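The chain contents come next:
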Amino acid sequence: MITDQRMPASGSLQPLGLLVDKANQLVQTLATPSLVQLVLRVALAVPFWRSGMLKWAGFLRLNDTAVTLFSDEFMLHLPGGPYHFPAPAVMAFLSGSGEIMFPILLLLGLGTRFAALGLLFMTVIVELTVPDGWPIHLTWAAMALGIMAYGPGNVSLDHLICRARSQAR
C-alpha cells in the first residue's frame, strides 16, 4: 500500500511539488484507515438496516407486506426465468433477519468479516431479484469486499477482542 509519495524537486515544479506533498499529507491525516473502515461499515449497514426494519411488525413477527413481496412481487431473474422465490415466508424471514443482524454486527465491529460476507451474499440475491439496480448493488458489493479484505479497523469490538487476546498471551 502506498502511503507516502513525494514528487522529486526540479526547478519550476518545486513549489507545485511541495503543494502536492502538503495536500497528500492533509488527505492522509484526514482519511486514516480506521476512519475509512468505520465509514465503510456504517455505509454498508444503513441500506440493509432500513430495508430490514420495513419487514417486521414486532419481535420475530414479519409484516404481511414482507411475505407478499416474496410471494407475489420479487422474482429471481435466472436463465429461463424469472422464477418465484421458493418458500416465500421463509425467504422473507431470512432476509429480514439478515438485514437486521448483519448491520448490527457491522456497526459493532463484531464478526465483521462474517457480517460483510452475509451482506455480500444478500447483495447477490438482491441483484438477481432487481437486475436494473446493479450500480448500487455493485457499490454494496465493493464495500462488503473492502470490509472482508481489510477488516473492521481499530474502532471495533473485533479489534478490542484481538488486542485483549494478544495481551493475555
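**Quick word on the nonpolar core**
Counting residues in each nonpolar core, the largest one holds 16 residues, and the members touching the most others are Leu 44, Phe 48, Phe 102, Leu 106 and Leu 119. Secondary structure elements with two or more residues in this core: helix H2 (33-53), helix H4 (88-108), helix H5 (112-129) and helix H6 (134-150). Setting aside residues no more than four positions away along its own chain, Phe 102 makes contact with Phe 114, Ala 115, Gly 118, Leu 119 and Met 122. With 8 residues, the next largest nonpolar core counts Ala 66, Phe 70, Ala 92 and Ile 100 among its residues.

**Looking at the pattern of salt bridges**
Applying the stated criterion across every chain yields a total of 1 salt bridge. The partner of Lys 55 in a salt bridge is Glu 99, with the nearest N and O atoms 2.8 Å apart. One end of the pair, Lys 55, is in the loop between H2 and strand S1 (56-58); the other, Glu 99, is in helix H4, with 44 residues separating them in the sequence. Looking at Glu 99, the relative accessible area reads 5%, which means it is buried.

**Section: the packing of aromatic side chains**
Enumeration over the complete set of coordinates arrives at 5 aromatic pairs. Here Trp 56 and Phe 93 contribute two aromatic rings whose centre-to-centre distance is 5.5 Å and whose plane-to-plane angle is 80 degrees, an arrangement assigned as edge-to-face. Highlighted residues: Trp 56 in strand S1 and Phe 93 in helix H4, separated in sequence by 37 residues. Residue Trp 56 is classed as buried on the basis of its relative accessible area, which comes to 19%.

**Some remarks on the packing of H4 against H5**
Relative to each other, H4 and H5 sit at 145 degrees, their axes nearing to 9 Å. In this structure, the crossing between H4 and H5 has a hand that is left-handed. Judged by residue contacts, Ser 95, Gly 98, Glu 99, Phe 102, Leu 105 and Leu 106 of H4 engage Thr 112, Phe 114, Ala 115, Ala 116, Gly 118, Leu 119 and Met 122 from H5. A per-class count over the contact of H4 with H5 returns 8 nonpolar, 4 polar and 1 charged.

**What to know about the side chain of Ser 156**
Following the sequence through the fold, Ser 156 ends up in the loop between H6 and helix H7 (157-168). A distance of 2.8 Å separates the side chain of Ser 156 from the backbone oxygen of Gly 153, its partner in a polar contact.

**Focus on the packing of H2 against H4**
H4 packs onto H2 with a crossing angle of 150 degrees between their chain directions and a minimal axis gap of 8 Å. It follows that H2 is roughly antiparallel to H4 by the angle criterion. Considering how the two elements wind past one another, H2 and H4 form a crossing that is left-handed. Seen from H2, the contacting residues are Arg 41, Val 42, Leu 44, Ala 45, Phe 48, Trp 49, Ser 51, Gly 52 and Met 53; seen from H4, they are Gly 96, Glu 99, Ile 100, Pro 103, Ile 104, Leu 106, Leu 107 and Leu 108.

**Quick look at H6**
Given 3.6 residues to a turn, an α-helix orients residues that are three or four positions apart in the same direction. An ideal rise of 1.5 Å per residue puts 24 Å on 17 residues; H6 measures up with 24 Å between its terminal C-alpha atoms. Considered for burial, the residues of H6 that qualify are His 137, Trp 140, Ala 141, Met 143, Ala 144, Gly 146 and Ile 147.

**Here we look at the side chain of Asp 158**
Within the secondary structure, Asp 158 is located in helix H7. Of the side chains bearing the opposite charge, Arg 113 lies closest to the buried Asp 158, which forms no salt bridge; the N-O distance is 6.7 Å. Of note is the side chain of Asp 158, whose polar atom sits 2.8 Å from the backbone nitrogen of Gly 111. Not counting residues within four places of it along the chain, the set of residues in contact with Asp 158 comprises Gly 109, Leu 110, Gly 111, Thr 112 and Pro 152.

**A look at unusual backbone geometry**
The omega torsion across Gly 81 and Pro 82 is 20 degrees, close enough to zero to call that bond cis. As for its position among the elements, Pro 82 is in the loop between strand S3 (75-76) and strand S4 (83-84). Positive phi is not limited to glycine here, since Ala 87 has a value of about 45 degrees. Among the secondary structure elements, Ala 87 is positioned in the loop between S4 and H4.

Conventions and cut-offs
- Counting from 1, residues in each chain are numbered in the order their sequence is written.
- Residue-level local features of this predicted model are given only where pLDDT is at least 70; pairs of side-chain atoms are given and counted only at 80 or more, and the full residue set underlies all totals for whole chains, interfaces and linings.
- Water and hydrogen atoms play no part in the side-chain values, which are based on all heavy atoms of the structure.
- The set of buried Ala, Val, Leu, Ile, Met, Phe, Trp, Tyr and Cys residues whose side-chain atoms join them within 4.5 Å is what this entry labels a nonpolar core.
- Exposed residues in this analysis have more than 50% of their type's maximum accessible area, buried residues have under 20%, and partly exposed residues fall in between, with area computed by a 1.4 Å probe over protein chains only.
- Runs of E in the DSSP output that reach at least two residues are strands. Runs of H or I that reach at least four are helices, and both are numbered from the N terminus.
- We call two residues contacting when some pair of their heavy atoms lies within 4.5 Å.
- By convention in these notes, a salt bridge is any Lys or Arg side-chain nitrogen within 4 Å of a carboxyl oxygen on Asp or Glu.
- Centres within 6.5 Å are what make two rings of Phe, Tyr or Trp a pair, Trp counting through its six-membered ring; a difference in plane orientation under 30 degrees is then read as stacked, over 60 as edge-to-face, and the rest as tilted.
- Fitting a line to C-alpha atoms yields each axis, with helices limited to the stretch in contact; the angle taken between N-to-C directions then spans 0 to 180 degrees.
- Two helices crossing with the near one rotated counterclockwise from the far one by less than a right angle form a left-handed crossing, whereas a clockwise rotation gives a right-handed crossing.
- The nonpolar class holds Ala, Val, Leu, Ile, Met, Phe, Trp, Tyr, Cys and Pro. Asp, Glu, Lys and Arg form the charged class, and all remaining residues, Gly among them, are polar.
- Nitrogen and oxygen atoms within 3.5 Å of one another constitute a polar contact, given that in protein one can donate a hydrogen and the other can accept it, and given that sequence-neighbouring residues count only through two side-chain atoms.
- When an angle is under 35 degrees it counts as roughly parallel; over 145 it counts as roughly antiparallel; between 65 and 115 it counts as roughly perpendicular; any other value is oblique.
- To estimate how far a helix should reach, multiply one less than its number of residues by 1.5 Å.
- Residues scored as positive are Lys and Arg, those scored as negative are Asp and Glu, and His as well as the terminal groups of each chain are ignored.

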